[in-house]
Amino acid sequence: MGEFQYVFGPIPSRRLGRSLGISPLPKKTCNYSCIYCQLGRTDRMTNVRREYYKTKDILNEFRQYLKDSDQFDIVTVVGEGEPTLCSNLGELICGLKELTDKPVAVITNGALLSDASVREELCHADMVLPSMDAYDQETAKKIDRPYGTIKFEEEFEGLKLFTEMYPGELWLEIMLVDGINDDESSIEKFRERLKELKYDRLYLNTPVRPPAEEGVNVVSSERMAFAVKALGGISIDMLSSGSFFSEIEDDYEAVKSIIKRHPMNQFELGGFLDSRNAENKEEMIEKMKQDEEIAVLDYKGILTFRLR
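Residues numbered from 1 in each chain as written. Predicted model: local features only at pLDDT ≥ 70, side-chain atom pairs only at ≥ 80, totals over all residues. Heavy atoms only, no water.

## Here's the deal with the sheet that holds strand E9 (residues 201-205)
Right, on to step 1. Strands sit in the order E1-E2-E5-E6-E7-E8-E9-E10 across an open sheet of eight strands; the sheet is mixed. The two strands at the open ends of the sheet, each matched to only one other strand, are strand E1 (7-13) and strand E10 (234-235).
Right, on to step 2. In terms of strand pairing, strand E7 (residues 127-130) meets strand E8 (residues 169-175) through two bridges, oriented parallel. Looking at E8, one finds that Val128 is bridged to Leu170.
Right, on to step 3. Of the strands in this sheet, E8, E9 and E10 touch helix H7 (residues 221-231), which is tilted by about 165° from E9. (Pairing = 2+ DSSP bridges. Helix = DSSP H or I, 4+ residues; strand = E, 2+ residues; numbered from the N terminus. Contact = heavy atoms within 4.5 Å. Axes fitted to C-alpha atoms, helices over the stretch in contact; angles between N-to-C directions.)

## Side note on the packing of aromatic side chains
Right, on to step 1. Scanning the model with the defined rule gives eight aromatic pairs in all.
Right, on to step 2. Measuring from centroid to centroid gives 5.6 Å for Trp171 and Tyr203, while their planes differ by 55°, and the two rings are tilted. Of this pair, Trp171 sits in strand E8 while Tyr203 sits in strand E9, and the two are 32 residues apart along the sequence. The pair Trp171 / Tyr203 is uniform in exposure class, with both members buried.
Right, on to step 3. Through a chain of ring-to-ring contacts, the aromatic side chains of Phe4, Phe62, Tyr65 and Phe72 assemble into a single cluster.
Right, on to step 4. Above the face of the Trp171 ring, Arg201 is positioned so that its terminal group lies 5.0 Å from the ring centre.
Right, on to step 5. Cation over ring: Lys287 sits above Tyr252, and NZ or CZ is 4.2 Å from the ring centre. (Phe/Tyr/Trp six-rings, centres within 6.5 Å; stacked < 30°, edge-to-face > 60°. Buried < 20%, exposed > 50% of the residue type's maximum accessible area, 1.4 Å probe, protein only. Lys NZ or Arg CZ within 6 Å of the ring centre and 35° of its normal.)

## Details of the nonpolar core
Right, on to step 1. With 51 residues, the main nonpolar core has Ile22, Leu96 and Ile174 as its most contacted residues.
Right, on to step 2. When sequence neighbours within four positions are dropped, the list of residues in contact with Ile22 reads Tyr6, Val7, Phe8, Ile58, Phe62, Val75, Thr76, Val77, Val78, Gly79, Leu92 and Leu96.
Right, on to step 3. Core analysis: the second largest hydrophobic core is formed by 16 residues, Val255, Ile259, Ala278 and Met284 among them. (Core = buried A, V, L, I, M, F, W, Y, C linked by side-chain atoms within 4.5 Å.)

## Side note on the packing of helix H1 (residues 55-68) against helix H2 (residues 89-99)
Right, on to step 1. Following both chains from N to C, one finds H1 and H2 inclined at 25°, their axes separated by 10 Å at the closest point. In this view, H1 runs roughly parallel relative to H2, as classed from their interaxial angle. Judged by the twist between their axes, the crossing of H1 over H2 is right-handed. Together, Thr55, Ile58, Leu59, Phe62, Arg63 and Leu66 of H1 and Glu91, Leu92, Gly95, Leu96 and Leu99 of H2 make up the contact between the two elements.
Right, on to step 2. Each residue belonging to the contact of H1 with H2 can be placed in one class, and the counts come to seven nonpolar, two polar and two charged. (Parallel < 35°, antiparallel > 145°, perpendicular 65-115°, else oblique. Left-handed = near helix turned anticlockwise from the far one by under 90°. Nonpolar A, V, L, I, M, F, W, Y, C, P; charged D, E, K, R; others polar.)

## Re unusual backbone geometry
Right, on to step 1. The phi torsion at Lys28 lies on the positive side, around 60°, for a residue other than glycine.
Right, on to step 2. If you trace the backbone, Lys28 turns up in the loop between strand E2 (17-22) and strand E3 (29-30).
Right, on to step 3. Overall, the relative accessible area of 17% leaves Lys28 in the buried class.
Right, on to step 4. You will see that Asn280, though not glycine, has its phi angle at about 55°, which is positive.
Right, on to step 5. Looking at the secondary structure, you find Asn280 in the loop between helix H10 (266-275) and helix H11 (281-290).

## A look at helix H5 (residues 152-165)
Right, on to step 1. Taking 1.5 Å per residue as the helical rise, H5 with its 14 residues ought to reach 20 Å, and the 20 Å between its terminal C-alpha atoms agrees with that figure.
Right, on to step 2. Taken residue by residue, H5 has Phe152, Glu155, Phe156, Gly158, Leu159, Phe162 and Thr163 as its buried positions. Within H5, the buried residues cover an arc of 155° as seen down the axis, which keeps them to one side.
Right, on to step 3. Check the buried side of H5 and you find it contacts helix H3 (116-122), E7, helix H4 (137-143), E8 and helix H6 (184-194). (Expected span 1.5 Å × (residues − 1). Arc of directions from axis to C-beta.)

## Concerning the pairing of E1
Right, on to step 1. Bridging between E1 and E2 involves five bridges; their strand directions are antiparallel. Each bridged residue has a counterpart across the sheet, and for Ile11 the counterpart in E2 is Ser19.

## Notes on the packing of helix H9 (residues 251-259) against H11
Right, on to step 1. Taken N-terminus to C-terminus, the directions of H9 and H11 make an angle of 50°; their axes are 11 Å apart at the nearest point. It follows that H9 is oblique to H11 by the angle criterion. For the pair H9 and H11, the sense of crossing is right-handed. Between H9 and H11, the residues in contact are Asp251, Tyr252, Val255 and Ile259 and Met284, Lys287 and Met288, respectively.

## Topic: H6
Right, on to step 1. Taken together, the buried positions of H6 are occupied by Ser186, Ile187, Phe190, Arg193 and Leu194. Taken around the axis of H6, the buried residues stretch over an arc of 120°, which confines them to a single face.
Right, on to step 2. Buried residues along H6 sit against H5, E8, E9 and H7.
Right, on to step 3. Of the residues flanking the start of H6, the one acting as N-cap is Asp183, its side-chain oxygen 3.1 Å from the backbone nitrogen of Ser185. (Polar contact = N/O pair within 3.5 Å; in protein donor to acceptor, adjacent residues only side chain to side chain.)

Have a look at this one:
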């Protein structure tokens with residue numbers, strides 16, 4: 001398999017399994033310059049949408065990749081910047097879906113959801129994962145450092161409109177940064193904002209990778225646990241550390257105790273069972289599929305388990 005310009009991976013994702021990435025724009029092209037960004041400071045700061053690469057070139061490369069492998073669970077349009085800056089995003093999503101039966105997801109900072117055309121284009125994706133690191137303009141400036149013309153209230157209103165119209169799976173993410181948006185007052189403000197949105201899941205993250213700026217630190221485990229409980233979210237760190245936790249010794253009953261509150265997809269479930277060194281994992285998953293107390297939802301080939 002040769003070198004690719006637009007296709008990368010698959011990369012193991014704590015939320016999405018084997019994620020095959022599609023990069024539709026040059027590295028570090030963004031309308032945010034987040035203090036926690038693992039890529040460093042944004043050096044192509046813009047808020048103007050344009051076509052960076054031809055859709056046909058990206059799709060041709062994807063076709064070439066598919067000739068050699070289909071060993072991925074999901075196609076994720078993410079790149080190394082903000083994909084909604086690409087004016088051909090909708091065309092790209094539709095083209096990818098024509099070439100694969102696997103779900104197509106888009107990871108976005110949500111800044112351009114105030115644009116009706118962006119909202120419409122994203123509706124073609126099977127999954128959208130927007131971030132919401134702030135609850136007001138002041139907090140956004142401290143963490144996301146958005147392009148100067150971006151106003152938080154307009155951005156949030158766009159996110160709200162999108163969550164009301166979007167037909168697919170919508171997973172929100174909040175990045176909690178120590179000393180900025182993790183105190184009890186901030187969590188309460190997030191809780192009030194979240195009441196206005198419709199979403200399927202909420203993930204809570206913290207900067208575990210080297211950030212763009214010094215002095216950016218992870219939140220304490222106690223603070224994260226507080227946020228998880230208050231917001232009804234899932235800590236992404238739980239997915240990698242096996243901290244989806246249950247004191248119940250029986251693996252099967254432990255899973256049921258968790259999915260009563262938090263549905264788990266097949267990748268999260270597998271990681272949890274691995275963390276407990278569970279025996280006969282595949283047999284257990286098959287048993288769950290037959291359990292009348294458990295609802296198994298198949299969305300584009302990705303199974304999600306929840307207690308009825």
